[in-house]
Each structure stands twice: as structure tokens, then as C-alpha cells.
Amino acid sequence: MSVETIERPTTSTVRKPAPRYRVLLHNDPVNSMEYVVESLLKVVPSLTMPQAVDIMMQAHTAGVALVITCALEHAEFYSEGLCSLGLTSTIEPDE
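Residues numbered from 1 in each chain as written. Predicted model: local features only at pLDDT ≥ 70, side-chain atom pairs only at ≥ 80, totals over all residues. Heavy atoms only, no water.

Asks: Just to check I follow, could you spell out helix α2 (residues 49-62) for this structure?
Replies: An α-helical segment advances 3.6 residues per turn. Residues three or four places apart therefore align on the same side. Under the 1.5 Å per step criterion, the end-to-end length of α2 is 20 Å for 14 residues, consistent within 8% with the ideal 20 Å. Taken together, the buried positions of α2 are occupied by Ala 52, Ile 55, Met 56 and Ala 59. Angular distribution of buried residues about the axis of α2 spans 95°; they occupy a single face of the element. Exposed positions of α2 whose direction lies more than 90 degrees from the buried face are Pro 50, Asp 54, Thr 61 and Ala 62. Structurally, α2 contributes buried residues whose contacts are with β1 (20-26), α1 (33-43) and β2 (64-71). Positive backbone phi, at 100°, marks Gly 63, one or two positions downstream of α2. (Helix = DSSP H or I, 4+ residues; strand = E, 2+ residues; numbered from the N terminus. Expected span 1.5 Å × (residues − 1). Buried < 20%, exposed > 50% of the residue type's maximum accessible area, 1.4 Å probe, protein only. Arc of directions from axis to C-beta. Contact = heavy atoms within 4.5 Å.)

Written out as C-alpha cells, the structure is:
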């Protein structure tokens, strides 16, 4: 009587990270700088006051600033939140 070994093929699953998106804030010539900072802090609670001020100043001087990089659903949420407060925000894929 012979013993036979049955080998199972090894399967490995490779998880790819979810694509990330950049939330951008565009320069706002209408609202005050204080309002923009307050809006950033309200919509993106993970930001600190110095970060929000830096983002506002970057948008003011360069025309556009990176707010946060995150998953698509979060990016859409943050961008829509900023737009609902009268700011201009867009999202784009992070490459």
C-alpha cells in the first residue's frame, strides 16, 4: 500500500491599496481669510489651526492648495463640504 501526498496549489492574494485622491482648495477672493480657515477646520476635523492657516495662505498666494489626500469617498465628502460653505474645491487622483 503506497501513500500519496496531495499537494494543494498555493494561492496568494495580493492586496492593492485603494487609490487616493487629493482635495484641492482654490483661491477665494470673496470670503475672508478667517472664514476660509474656520471652514477648513469645520469640514476637515483632522486639521490643526496652523495647518488650516498654511493651506489658506498657499491657496491665496499660489491659487490652489492641497488640503488632504485620502480615499475617494472621503475626498468627495470633504470637497462637497467646502463647496457647501461657499469655497471652491476640487478633487483629483493622487499619482
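Further notes follow.
Asks: So what exactly am I meant to see when it comes to the state of the cysteines here?
Replies: By definition, a disulfide links the sulfur atoms of two cysteine residues through a covalent bond. By the definition in use, this model includes zero disulfides. Distance from the sulfur of Cys 70, which forms no disulfide, to the nearest cysteine sulfur (Cys 83) is 14 Å. Given a relative accessible area of 8%, Cys 70 falls into the buried group. You can call Cys 83 partly exposed: its relative accessible area is 37%. (Disulfide = S-S within 2.5 Å.)

Asks: Even after reading the chapter, I still don't get the environment of Met 57, so can you show me in this structure?
Replies: Within the fold, Met 57 resides in helix α2. Residues Met 57 and Met 33 lie 24 residues apart in sequence; the distance between their C-alpha atoms is 8.2 Å.

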